[in-house]
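So the chains spell out like this:
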Amino acid sequence: MSETASADPSADSVRREVRQWLEANWDPNEDLVAWRNLLADSGWGMPVWPRQWHGRDLPQALAPVVDEEFARLGAVGVAKTGIRLLAAATLLEHGSDAHKARFLRRILTGEDTWCQLFSEPGSGSDLAGATTRADRHGDHFLVNGQKVWTTSAHHADYGLLLARTDWDVPKHQGLTYFVLDMHQEGVDVRPLKQMNGHASFNQVFFTDAVVPAENLVSAVGNGWQVAITTLMHERRGADGLRGVQRERDLPGRIYEQEREEIAVALEPYKWYPQRAGRVDLVLERAQATGRNTDPATRQEIAKLLTMARSAEWTARRARAAQQQGRPQGPEGSLGKLASSNIARQASHVHTLIAGANAMLAGEDGDLNGLIAEILVSVPATSIAGGTDEIQRNIIAERVLGLPKEPRMDTGPFRDVKRN
Amino acid sequence: MSETASADPSADSVRREVRQWLEANWDPNEDLVAWRNLLADSGWGMPVWPRQWHGRDLPQALAPVVDEEFARLGAVGVAKTGIRLLAAATLLEHGSDAHKARFLRRILTGEDTWCQLFSEPGSGSDLAGATTRADRHGDHFLVNGQKVWTTSAHHADYGLLLARTDWDVPKHQGLTYFVLDMHQEGVDVRPLKQMNGHASFNQVFFTDAVVPAENLVSAVGNGWQVAITTLMHERRGADGLRGVQRERDLPGRIYEQEREEIAVALEPYKWYPQRAGRVDLVLERAQATGRNTDPATRQEIAKLLTMARSAEWTARRARAAQQQGRPQGPEGSLGKLASSNIARQASHVHTLIAGANAMLAGEDGDLNGLIAEILVSVPATSIAGGTDEIQRNIIAERVLGLPKEPRMDTGPFRDVKRN
Amino acid sequence: MHFAFTPEQEQFRDAVRRFLRDRSPPAEVRRLMDDERGHDPGVWRQMCQELGLGALHVPEGRGGQGFSVTELGIAFEEMGRALLCAPYLSSVLATTAIAEACGADEAEQIVSGIAVGEQLAALALTEANGRWDAGGVELIADGDRLSGSKTHVIDGHVAYLLIVAARALGSTGEEGISLYLVAADAPGITRRSLTTLDPTRKLARIDFANVEARCISSDAAPALRRTLDIACVAVACELVGVAEALLESAVDYAKLRMQFGRAVGSFQAIKHKCADLLLEVELAKSAARYAAEAATEGDPDLPALASLAKATASDAAMRAARECIQIHGGIGFTWDNDTHLWFKRAKSGEALFGTPAWHRERLMQCWEV
Amino acid sequence: MHFAFTPEQEQFRDAVRRFLRDRSPPAEVRRLMDDERGHDPGVWRQMCQELGLGALHVPEGRGGQGFSVTELGIAFEEMGRALLCAPYLSSVLATTAIAEACGADEAEQIVSGIAVGEQLAALALTEANGRWDAGGVELIADGDRLSGSKTHVIDGHVAYLLIVAARALGSTGEEGISLYLVAADAPGITRRSLTTLDPTRKLARIDFANVEARCISSDAAPALRRTLDIACVAVACELVGVAEALLESAVDYAKLRMQFGRAVGSFQAIKHKCADLLLEVELAKSAARYAAEAATEGDPDLPALASLAKATASDAAMRAARECIQIHGGIGFTWDNDTHLWFKRAKSGEALFGTPAWHRERLMQCWEV
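Residues numbered from 1 in each chain as written. Chains lettered and ligands numbered in written order. Predicted model: local features only at pLDDT ≥ 70, side-chain atom pairs only at ≥ 80, totals over all residues. Heavy atoms only, no water.

Residue and element names in this part refer to chain D. For the pair helix α4 (residues 69–82) and helix α8 (residues 268–296), the least separation of the axes is 7 Å and the interaxial angle reads 145 degrees. Between α4 and α8, the residues in contact are Val-69, Thr-70 and Glu-77 and Lys-285, Arg-289, Ala-292, Glu-293, Ala-295 and Thr-296, respectively. Partitioned by chemical class, the residues of the contact of α4 with α8 number three nonpolar, two polar and four charged. (Axes fitted to C-alpha atoms, helices over the stretch in contact; angles between N-to-C directions. Helix = DSSP H or I, 4+ residues; strand = E, 2+ residues; numbered from the N terminus. Contact = heavy atoms within 4.5 Å. Nonpolar A, V, L, I, M, F, W, Y, C, P; charged D, E, K, R; others polar.)

Take helix α1 (residues 11–25) of chain B next. Residues and elements named next belong to chain B. An ideal rise of 1.5 Å per residue puts 21 Å on 15 residues; α1 measures up with 21 Å between its terminal C-alpha atoms. Among the residues making up α1, those that are buried are Ala-11, Val-14, Val-18, Trp-21 and Leu-22. Along the axis of α1, the buried positions cluster into a sector of 105 degrees, meaning they face one direction only. Opposite its buried face, α1 presents the exposed residues Asp-12, Arg-16, Gln-20, Glu-23 and Ala-24, each directed more than 90 degrees away. Elements that come into contact with the buried residues of α1 comprise α2 (32–42) and α3 (63–73). (Expected span 1.5 Å × (residues − 1). Buried < 20%, exposed > 50% of the residue type's maximum accessible area, 1.4 Å probe, protein only. Arc of directions from axis to C-beta.)

Turning our eyes to something else, we now look at the interface of chain B and chain C. Every contact between the two is made by 50 residues of chain B and, on the other side, 40 residues of chain C. Its largest share of buried area at the contact with chain C, chain B owes to Met-195, Met-359 and Ile-383 of chain B, together 21% of the area lost on that side. Between chain B and chain C we count three salt bridges in total. Between Lys-273 of chain C and Glu-389 of chain B there is a salt bridge whose closest N-O contact spans 3.0 Å. Summed over the shared surface of chain B and chain C, the number is 21 residue pairs in polar contact (both at pLDDT 80 or more). (Buried area = accessible area lost by both parts, 1.4 Å probe. Salt bridge = Lys/Arg side-chain N within 4 Å of Asp/Glu carboxyl O. Polar contact = N/O pair within 3.5 Å; in protein donor to acceptor, adjacent residues only side chain to side chain.)

The next point concerns the state of the cysteines. One covalent bond between the sulfur atoms of two cysteine residues makes up a disulfide. Residues and elements named next belong to chain C. Enumeration according to the criterion identifies zero disulfides over all chains in this entry. Just so you know, Cys-48 is unpaired, no disulfide at all, and the nearest cysteine sulfur is the one on Cys-85, 15 Å from it. Here Cys-48 falls in the buried class, since its relative accessible area comes to 3%. (Disulfide = S-S within 2.5 Å.)

With that out of the way, let us pick up the interface of chain A and chain D. Taken together, the contact between chain A and chain D spans 50 residues of the former and 40 residues of the latter. By the criterion of area lost to chain D, the three top residues of chain A are Met-195, Met-359 and Ile-383 of chain A, representing 21% of everything that side buries. For the pair chain A and chain D, the interface holds 21 residue pairs in polar contact (both at pLDDT 80 or more). Elements with a contribution of two residues or more to the side of chain A that touches chain D: α11 (331–354), α12 (370–377) and α13 (388–399) of chain A. Considering each element in turn, the side of chain A that touches chain D owes the most residues, five residues, to α11 of chain A. Grouping the constituent residues of the side of chain A that touches chain D by class yields 23 nonpolar, 15 polar and 12 charged.

Below, the structure is given as structure tokens:
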């Protein structure tokens, strides 16, 4: 069975309908937000969402048809950068109608940017061990504590906040899920510099930051269930690169605005390709330096390319299986683990190829320092987004069905050992 | 500081004394057992043992002086093959005077052979989980159950038996340590064939095997402490090859008898060198096949030789540190883990060198099947004598001081999950 | 390129798996590995006639079943899982070589006999130098007379029909390589079973002393290349099956085996080993299936993809074999435990048609690195 | 061959360790890595004058302290542990080259200035081709005039005395290699600091345009070989120190860091990683110390042992660096955590004087495999 979408009886009618609508409405000189408001009104921006909330209730299998028609005309879609769609998916599933009315449209138009306030210095692999506290004071909560690894916090309007409201119950039961307004005095965002010199993430400090009770997304104490929704959507998006990138610079006001939006959103991610080891550069570097004639280096290159190609084919097998209607499993963890191995091997190969020049960086380094940046960025791959160890646990327990470890953190959270 | 023994004030007098005694008594045409009885009487066979029990109370540091004098004349020592000296050390430390009087002399003369009845099918890594039971019936115990991995059980006279006498206390507290007479109807020894076709070990089945109460080595329920003594002595001996091997075939009746004894004792171990990967054969095989000209194979050979040499130097560092008086630690586990890695890499290298011939065995295989035997013997290295995983636990906990895992087997043994 | 099987392909897999579960359980594998022939002729005929496994991927016009290498790969995955003892790999080598080297009519005539399981055939290629390519052939064809020795001939001890790669006097490299056909009982042929590390795959040495044979192709290097590429893909799929069987066995044991009051599979040392192994097996599976699809679709990159698949699947199978023994602990290296049967197949598969390192170098050459 | 240190050697180690604990804490490392010179001249003079580290292993008759490479190795282990920023490796290269290449009197005169920390010297060997051997030299000596470029010159940006490897016009390979001495401010010399991956080890590029220099050896290949062997041993010891520091940091963190209600070091994934790392570090330590002893004892196998040590220590240090970050988790790749400082030293040490793969091949050549 091939990868392209199967022929569904209604695919043709959907295609006709969206094509007609786009031909009647699409204008590359429209203002970006105005156009997206039109998309939100029509439901064509998020066709699989419910009709009530800016969608058209289309089955997932028909979404590619709509995408194809947008692509055919080069029509811009709703905003998809950052974690906005994780926020939207979480609110659609767990938010009140008031939340949906207030937040969803501006998520789609790109007017509001969101960030995810889950990880903490003391709870990295163990997200449910969060110790940022939210204490009720009448109609609002006061938040105190610290989050970390928060991409885009410095220009986010809202944050998805997981905070502890009860210390006397087991840790998963004492968490609550809020929407937090980032524009307030009690929120202090500071960039977090990495070993490669970039600052892709932030630390966020809360000092009596205020969340009105109406911003509760979960019931009090029920935040972990909501967080799982967010994490599930995050993992689902992890098999490929997110974000729209147009093939060429198209003319028109709306494209200019979209390019600017994407540039801002991608800024924190600019070292991500380096982190992945830049497998694409290996052959040209080997040939340019003449290291392609060294048999030991050739073996290492072959191992790398073999891993990279096999991982790509594995991802495509998983996607094809999904298109046949099999449920998506934790293959994301396999892909993530493969990426770590590939990045590590790529870094090893780049070191072999660079030889003495592996000691240089910046303008003096190979490819104007890019190779050095690869060498000092790769170590993050096996940690960020869930360590290799966590991925192996997920694979072993959820795919292979191996038993869990005995737990030491089931009592009241107050008594659980933590830093 | 060098490796040779330090100059102790009394070294010279010990040397004079043993030399005089040997010159007066040593006769290569003596009968082996008769000579060893003389050694047991004189104390020169085990000079660091107590005077009361066939020794001379010499400090460990002076033992090499005695060895050197024996070697100078080519004088045969006491029997040392198999696990007899582990048995002796355990009895010296925990046995009654009656045990010592009954067993020690015949251990030293080689008249009695011993085996170790610890491991069971259900308790491999987890020795203290033994389920072979010993139930008291008046003045004796009846033993039922099964042991495994018992080297030399088929010609052993006595076994060191660890058996469960109490199922209602935590597992380490319900074990008792016995001396079991192997020559009885209730003991059934069967060879255990390995994947390489050899049978170096036995299974031992007990059906109402009888142990008189006077053969209790530990107090009832205190067997684990005694077992630890045996295991500690076993680990101490693990850094090199045990057993005496004379450089050449010396003439004389006593040498003939000794050679026969050694041949019998070493028979179960004949595949051990294959298990270790036969690093010594690598260079000549690479040169004989011309694979030494293949750069990828050269890298793998270099990695192997580097590991092997470094491991050897590490063992010598540990020995030198001991000679400086530092206590022996769990370096044995480091050496064991290194051996696994070396054997695995050696097997890999032999496969590369053999090429297509790696598919052949027996007379058709390279070196008359020896290479094939290496390839199918190596997997045992990382398991037998304590798996790599157990070694890593020991290294991490006892050398690096990392915390232990939570235990799931601390309750009454009856309730502990087991196979 | 297809990344999922069709429902028909899945049904084919189920049929092969059911058949093998029934006819090739471990006890039968143990019986046949001690059998001189190394297979059960009745079972093999049944596999040919009921499942079409004798020449599955050969075009119908050339005596085969007309399926693709994709289906061949499915069959090999299953045969590896079940550790089948049967002349299936020798049949792939023989039928592919004939289908590639002969004209359609002749191919149909020869292949159809093999396809129904009545004739066993073997490709005699490798010689004392241990090479698996046309360039390594040293056996001499002087007119229609063959002189020299072949070794590592898969099922060469039982095949009646021998397809022999030979070299014209004075030629070198891939030039002057012919394929000859000769019955195994022709005068001047001596053959002898070799003792193999893996007793489930039998090999033979065959000596030719001025043996009269019939030339079926006088420029056979391209046919041999294609044959070996297909055979590498088939063995890669087989090794994926081997690796999967070992992984499943390890995981099953890790769930059952208790030590220290817990299933050993709850210890991260074991758990993470299994996770890493699953990743490696899944990557190898993708590589082997992609190579099979590439052969099906006539992808000119097949030589590279076949090497990539063979190297990856070999490494995965050996790792699975080592780890499966390790996870079983002591019991894992005993004769009565089945793990060593798969271990030995993986080990012999590592050397068959070239080691992983050799295939990686070939991959780099194909890709002109 | 000695496998344990003497009490005097242990005392020497303690003295160096105490000194570095005091004068090279991480904050000082961070200060000096942003410093243009890359070291604190006062601290370096003190190290030379109090601890004798400027020319520790050079015979007294040639201006050194007359200790052996064993003591040099001890110092380098400690300097690696502390990630010292100082011109100690450049001093080893320079003083060894001079002691090997010059007559005793001249050597004493030059080395003694370096030994007391008053003169900084650098060996200018490597060029654009990135090679670390005499055979790679392309810079031309035409009479007493040097023309060409050197790069990756350790401390070349601050050294006053340059020892330059040059080639006679028309010579090839290891023939025709000379060593020249020239002050860094001589007319025709241009030098420039290079941006380095590891900011704790500074490198420079130095261009020579018809520079007048003094020849101190006209057949310098043997001296350069010996110099590089000693330098490889020294760096191997340094990398052992780096690896040990990283392992200790990882283990300490694993004991403290709680996740899921337990110290992460109680999880086998972390625990076994640490155990494997300890083994690799101990093996590397044995290899580096053995090579140092071999240099001390004049073992003719030194070239092989130096390569073995360098390859092993590089691999151990890089593994320790990767695992130390991994065990720290997210915090491990932040700038404020110190791990990356050691990581970068390990990474640059991997490439310095040749990668591990290059040294393994050299080892095989030395051993005539």
